[in-house]
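Working through the structure, step by step
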Amino acid sequence: MMKVREIVLPGDQIDLQGAKARYGLYKCGEGQFCSEYFGVLQKSEQFVDVVPFNGAYMPRRGDKVIGKVIEIGPSMWITDISAPYTSLLHINDVPWRTNAGDLKRYINTGDYIYAKVLSINEINESWLTLKDVGLRKLEGGTIVSIPSPKVPRIIGKGGTMVNMIKDETGTRIVVGQNGLIWIDGPPENVMLAISAIEIVKNEAHTIGLTDRIAEYLKSKKGEISGNSK
Amino acid sequence: MGTVSDIKLIDEKGLRIDGRSPEELRPIKIETDVLNRADGSALIEWGGNKIIAAVYGPREAYPKHNQDINKAVVKARYNMEAYSVDERKRPGPDRRSMEISKVISEALESAIMVEQFPRAQIDIFIEVMQADAGTRIAGLTAAAVAVASAGIPMRDLVTGCTAGKVDGHIVLDLCKEEDNFGQADLPIAVLPKSGKVVLMQMDGDMSVEEFDQATGMVMNAIKRINQIQRDALKNKFETSTGEVGE
């Protein structure tokens, strides 16, 4: 059996053991905290979080996300960032000199962009920007989607997991905080990367995942090269 | 309710028409994530009831005048299939199902942290495929599991159960015959951790003492039903990993 982190359900009282409640907990009495989510408990020395198994992405300022342009207004692109609300990209926030009414020439509906959340207000209206290093329109490639709470597992500690998938499969990968992942490369390599991401998605709550993915990718690669001989 | 008949619903030994003792529940089975397209879903089999609950959202509420600037709108739709009962039910919303949709929406709204999602809407579809008394409570119990598995923040799960009066006796979890020919039916749903009541309706009549006895029975049963809900959610993650592992 794999080792599984402690699973909690909504309303479960959490023993903080002196740490501070951070994400996914609410005050349910004097000095008591309960879980908001169905997820796993993550305890460090300072903080306690509940990481949900599933759930919508909620935009936060500074997050880099992948969005799909769904509508074009006179001076804005309206994008779906797989959050409960659409997000807006204004022409002043793109690196090109654009004229109002001529937005289609740069980004059309259906295109994907890698953008940063510029600002968000209290009723969850958000604006994106493309003015930063690495932000761009994503040309070609394939998009896969995972629940946004699992993004940290895809990235791994300091990017170990995603870098390993990139190196082992020989693909280019961009991970958005909102759970959309862009993969580009030869089709069979992309398929391999997708299957690895699928495993991370399904086993995100287990321990020792990076090592298992490394093993999986090695064995799959062996199979491919073995077949071609 | 209250239909007069000469069917004996409780025998000399105090057993009920389906052989249960007064405080015995029908078998309950819950399975989560039965639908791929929904954000969260659950299938409940409670005695003869077969009900599917699917959750979508939170997503932006449309039409726009339905949006609430302070909180999310919880919209549950309880629907009975035409084939769910003995005699074909005329499909579509009717007075009964609209009332049930409303009370279920309100019960779930008190558990979901709606204030985290201004302008949004959470859709919950409850489809009764086979009905056998107590569908509103079974539907709500399944819906709460589906909402939790959709990753929507909640204060607590919602758990429900019915009690009723049959042949002058207070019994738990009425079956179809008891519901049709009994004297009273009392569905209750609570937040199991705090014991707060979020749904209570009564059909027929009971004395105050009988009511207290019935609520007491329901409160005891809630603990058992809540455990079934918890196991249904947890099992998915504890067993599915065991197969892949080693």
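Let's talk about the overall build of chain B
Along its length, chain B carries four helices and ten strands. Along chain B, helices and strands appear, N-terminal first, in the series β-β-β-β-α-β-α-β-β-α-β-β-β-α. With the C-alpha coordinates aligned to their principal axes, the bounding extent of chain B is approximately 55 × 55 × 35 Å. For chain B, the proportion of its 246 residues judged to be buried stands at 54%. Looking at chain B alone, contacts between residues at least 24 apart form 69% of all its contacts between residues at least 6 apart.

Examining the interface of chain B and chain A
The interface of chain B with chain A comprises 32 residues on the first partner and 28 residues on the second. With both sides pooled, the region where chain B packs onto chain A buries about 2600 Å², and carbon together with sulfur makes up 61% of that total. At the junction of chain B with chain A, the criterion picks out two salt bridges. Of the charged contacts, one joins Asp 12 of chain A and Arg 230 of chain B as a salt bridge, the two residues approaching to 2.8 Å between their closest N and O atoms. Only strand S3 (49–60), helix H2 (135–149) and helix H4 (208–244) of chain B provide two or more residues apiece to the side of chain B that touches chain A. If one sorts the elements of the side of chain B that touches chain A by residue count, H4 of chain B sits on top with eight residues. In terms of residue class, the side of chain B that touches chain A is made up of 15 nonpolar, six polar and eleven charged.

Considering the state of the cysteines
One pass over the full model with this rule turns up one disulfide over all chains. The disulfide partner of Cys 28 of chain A is Cys 34 of chain A, and the gap between their sulfur atoms is 2.1 Å. The sign of the 70° torsion about the S-S bond sets the Cys 28 of chain A-Cys 34 of chain A disulfide as right-handed. Distance from the sulfur of Cys 161 of chain B, which forms no disulfide, to the nearest cysteine sulfur (Cys 175 of chain B) is 13 Å.

Notes on unusual backbone geometry
All names here are of chain B. Cis rather than trans, the peptide bond between Gly 57 and Pro 58 has omega equal to 0°. Checked against the element boundaries, Pro 58 lands in strand S3. Residue Pro 63 follows Tyr 62 across a cis peptide bond; omega there is -5°. Looking at the secondary structure, you find Pro 63 in the loop between S3 and strand S4 (73–80). The backbone phi angle of Ala 133 is positive, close to 70°, even though this residue is not glycine. Relative to the elements of secondary structure, Ala 133 occurs in the loop between strand S5 (120–130) and H2. Using a relative accessible area of 11% as the deciding quantity, one classes Ala 133 as buried.

Things to note about the pattern of salt bridges
For side chains of opposite charge, pairing can occur when their charged atoms come near one another. Residues and elements named next belong to chain B. The final tally for this structure, using the stated rule, is 28 salt bridges over all chains. Across the pair Glu 109 and Lys 71 runs a salt bridge, and its minimum N-O distance is 3.2 Å. In this pair, Glu 109 is assigned in helix H1 (residues 95–109) and Lys 71 in the loop between S3 and S4, connecting sequence segments 38 residues apart. In this structure Glu 109 comes out as partly exposed when scored by relative accessible area, which is 24%. Connected via shared salt-bridge partners are Arg 16, Asp 18, Arg 20, Arg 26, Asp 132, Asp 173 and Glu 178.

A closer look at a nonpolar patch on the surface
A grouping of Val 197, Met 200 and Met 219 of chain B is seen on the molecular surface, where their side chains present a nonpolar patch of about 230 Å² in accessible area. By secondary structure assignment, the location of Val 197 of chain B is in strand S9 (residues 196–200).

Comments concerning the packing of aromatic side chains
The full count for this structure, using the stated rule, is six aromatic pairs over all chains. Seen in terms of ring centroids, Phe 38 of chain A and Phe 237 of chain B are 5.6 Å apart; in terms of plane orientation they differ by 70°. Their pairing is edge-to-face. With Phe 38 of chain A in the loop between strand S5 (33–35) and strand S6 (39–43) and Phe 237 of chain B in helix H4, this residue pair bridges two chains. Like Phe 38 of chain A, the residue Phe 237 of chain B is buried in the burial classification. Judged by centre distance (5.5 Å) and plane angle (15°), the rings of Trp 96 of chain A and Tyr 106 of chain A are stacked. Of this pair, Trp 96 of chain A sits in the loop between strand S10 (87–90) and strand S11 (112–120) while Tyr 106 of chain A sits in the loop between S10 and S11, and the two are ten residues apart along the sequence. The exposure class of Trp 96 of chain A is partly exposed, given its relative accessible area of 31%. Members of the aromatic cluster, each reached through a chain of ring pairs, are Phe 38 and Phe 53 of chain A together with Phe 237 of chain B. Note that Arg 136 of chain A overlies the ring of Trp 182 of chain A, its terminal NZ or CZ placed 5.3 Å from the centroid.

A short note on the environment of Ile 28 of chain B
Residues and elements named next belong to chain B. Among the secondary structure elements, Ile 28 is positioned in strand S1 (residues 28–32). Residue Ile 28 is classed as buried on the basis of its relative accessible area of 15%. In sequence terms Ile 28 and Trp 46 are 18 residues apart; their C-alpha atoms lie 4.4 Å from each other. Setting aside its immediate chain neighbours within four residues, Ile 28 contacts Ile 44, Glu 45, Trp 46, Ile 225 and Ile 228.

Regarding the packing of H1 of chain B against H2 of chain B
Residue and element names in this part refer to chain B. One can describe the packing of H1 onto H2 by two numbers: an axis separation of 11 Å at closest approach and a directional angle of 40°. Classed by the angle they form, the pair H1 and H2 counts as oblique. The chirality of how H1 crosses H2 is right-handed. Where H1 abuts H2, its residues Arg 96, Glu 99, Ile 100, Ile 104, Ala 107 and Leu 108 lie against Thr 135, Arg 136, Leu 140, Ala 143 and Ala 144. Classifying every residue of the contact of H1 with H2 gives seven nonpolar, one polar and three charged.

The rules behind these values
Residue numbers run consecutively from 1 along every chain, following the written order of its sequence. Chain labels run from A onward and ligand labels from 1 onward, assigned in the order the entries are written. Given that this is a predicted model, residues contribute local features only at a pLDDT of at least 70 and side-chain atom pairs are listed and counted only at 80 or more, while totals for whole chains, interfaces and linings are drawn from all residues. Neither water nor hydrogens contribute to the side-chain values; these are computed over all heavy atoms in the structure. We count a stretch as a helix when DSSP gives it H or I for four or more residues in a row; a strand needs E for two or more, and each element gets its number in order from the N terminus. Exposure categories follow from relative accessible area, calculated using a 1.4 Å probe and restricted to protein chains: below 20% of the type maximum is buried, above 50% is exposed, and the middle band is partly exposed. Should any heavy atoms of two residues lie within 4.5 Å, those residues are considered in contact. As used here, buried area is the combined drop in accessible area, with a 1.4 Å probe, of two parts when they are placed together. Between Lys or Arg on one side and Asp or Glu on the other, a salt bridge is scored when a side-chain nitrogen of the former is within 4 Å of a carboxyl oxygen of the latter. The residue classification treats Ala, Val, Leu, Ile, Met, Phe, Trp, Tyr, Cys and Pro as nonpolar and Asp, Glu, Lys and Arg as charged. All others, Gly included, are polar. Working definition: a disulfide is two cysteine sulfur atoms within 2.5 Å of each other. Here the term patch refers to residues with relative accessible area over 30% and no salt bridge, with like charges joined within 9 Å and nonpolar side chains (Val, Leu, Ile, Met, Phe, Trp, Tyr) within 5 Å. Every accessible area reported is derived by Shrake-Rupley at a probe size of 1.4 Å, with residue values counting cover from the shown protein chains alone. We call Phe, Tyr and Trp rings a pair once their centres come within 6.5 Å, taking the six-membered ring for Trp, and we label the pair stacked below 30 degrees between planes, edge-to-face above 60, and tilted otherwise. By definition, being over a ring means that NZ of Lys or CZ of Arg is both within 6 Å of the ring centre and within 35 degrees of the ring normal. Comment: axis = line fitted to C-alpha atoms, over the contacting stretch for helices; angle = value between 0 and 180 degrees taken between N-to-C directions. Note on terminology: angles under 35 degrees are roughly parallel, angles over 145 are roughly antiparallel, angles of 65 to 115 are roughly perpendicular, and the others are oblique. Whether a crossing is left-handed or right-handed is set by the direction in which the near helix is turned from the far one by less than a right angle, anticlockwise for left-handed and clockwise for right-handed.

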